[in-house]
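# Structural description and commentary
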Amino acid sequence: LSSLLRLNAIMKQSEALNLAQSADPTVTGIVSSKQIARLWAGMGSIVSIKCKTSGSKTATIIAKQIRCVNPKSFGDKRKAASYRVEAAFYAHYSSELSKVGVCCQGLHTEDDEKGAITILMTPLPNPTLHYMNGDVAKAAVRSVALFHAYFWGNEKADAAVKQGLAEQGTYWYLDTRIDEYDGISKHGFSGRLKRAAREIDEALKTHPYQTIVHGDLKACNQCLAANGKYTSFVDLQYCGKACPAKDLAYLFVCGIDVGNDFEKHQEGQLLKLYIDELASHGVGKDNQAMLPTVEYLREALDLAYCDLYRWMCGWGVWGNNFLEGRAERCLDVVLHRIHSAKK
């Protein structure tokens, strides 16, 4: 039987066994299998398989099953491409990054190149999060920094793209959100941001800081790592090359819970923590990939806030409510920096 499982069907023991043995040859039998989640737009499911292994031990394997045959809409094509990115991440990079706890270990991937993809991985060490503040927010920032450090600089990021990660990370970058861009009002601040969108997008693409970003750092895409110092990431569909500030902007707006003093105090503290964690993992030792400063990273963050709010203006605003005011305050400064750099 193919290990690319039939969706919307109960998994037979023989199918579960075939899958489990693809991930771990020591598996001798199946104790149970159950669906634990559905994927967006009915494109598949996530199944937990409890196995018996040699020596009478048990193990759990997670199977992410995707089926997206002949996608028609632009959005469905984006989702289909994103699952191939995720499969590439688990095939090439999860082994190393799982050792430090920032993701699950990929055990096996399959792609029939017709829209059926299976990703087998280890289970998360803890339940996914519903909110992040205090020490958990700091753990998330450390994990983002560790993840970014692994791919830091154009050379490493470009090499990862050649291995199958996305040419542009995140799911809201301008080139993939033209419908939302077209829907933005031409009037008021939204109109100003719409007219500036191309320049902001280009400034982020050409920014000196480049890495592979996660691209969707909501709380529910993270859990506490086993050591408690980091968080572990799931849903790596949108990891690809980008300015690292795009991950930070999304994390600060849509991931962690912040107080009223976030911009005055907490933001700077978290940026300092992020930079310290980058340095602890070797960023800055290579002259080709410099370590950020707080000042320059905050300038990149202003770009990323404006870029994120541009997407939300066409899609819908959500997350922490400081974003609109921040974008309004910094847009003129951002554009002045962009125009000054061109002179």
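Throughout what follows, the structure given in this document is the object of discussion. (Residues numbered from 1 in each chain as written. Predicted model: local features only at pLDDT ≥ 70, side-chain atom pairs only at ≥ 80, totals over all residues. Heavy atoms only, no water.)

### Some remarks on the nonpolar core
Counting residues in each nonpolar core, the largest one holds 94 residues, and the members touching the most others are Phe89, Leu165, Ile200, Phe252 and Tyr274. Here the element with the most residues in this core is helix α10 (residues 294-315); it accounts for eleven residues. Other than its neighbours up to four places away in sequence, phenylalanine 89 contacts Ser94, Leu97, Cys103, Phe147, Leu165, Leu236 and Cys239. Of all hydrophobic cores here, the second largest spans 13 residues; its members include Ala20, Val27, Val47 and Ile61. (Core = buried A, V, L, I, M, F, W, Y, C linked by side-chain atoms within 4.5 Å. Buried < 20%, exposed > 50% of the residue type's maximum accessible area, 1.4 Å probe, protein only. Helix = DSSP H or I, 4+ residues; strand = E, 2+ residues; numbered from the N terminus. Contact = heavy atoms within 4.5 Å.)

### Points about the layout of surface pockets
In this approach the atoms are scanned with a rolling probe the size of a water molecule, which exposes any empty space left behind. Quantified by volume, the largest pocket comes out at close to 950 Å³. Every residue lining the largest pocket is counted, 33 residues in all, and those nearest its centre are Trp40, Lys64, Asn221, Asp235 and Gln237. Of all the elements in the fold, those that place two or more residues in the lining of the largest pocket are β1 (27-38), β3 (57-67), α2 (74-92) and α10. Here the second largest pocket defines a volume of roughly 330 Å³. Lining the second largest pocket are 15 residues, with Ala203, Leu303, Arg337, Ile338 and Ala341 positioned closest to its centre. Sorting the residues of the lining of the second largest pocket by element identifies α7 (188-205), α10 and α11 (323-342) as the ones contributing at least two each. Here the lining of the second largest pocket takes five residues from α11, the largest share from any one element. The residue makeup of the lining of the second largest pocket, split by class, is eight nonpolar, two polar and five charged. (1 Å grid on protein atoms, 1.4 Å probe; cavity = no way out; pocket = protein on both sides within 12 Å on 5 of 7 lines; lining within 4 Å. Points joined across faces, edges and corners; volume = space filled by probe spheres on them. Nonpolar A, V, L, I, M, F, W, Y, C, P; charged D, E, K, R; others polar.)

### Examining empty space enclosed by the protein
Summed over the entire model, instances satisfying the criterion amount to one cavity of 30 Å³ or more. Of the pockets and cavities examined, the largest cavity occupies roughly 30 Å³. Together, Ile66, Cys68, Ala80, Tyr83, Arg84, Gly115 and Ile117 line the largest cavity. If one sorts the elements of the lining of the largest cavity by residue count, α2 sits on top with three residues. Residue composition of the lining of the largest cavity, grouped by class: five nonpolar, one polar and one charged.

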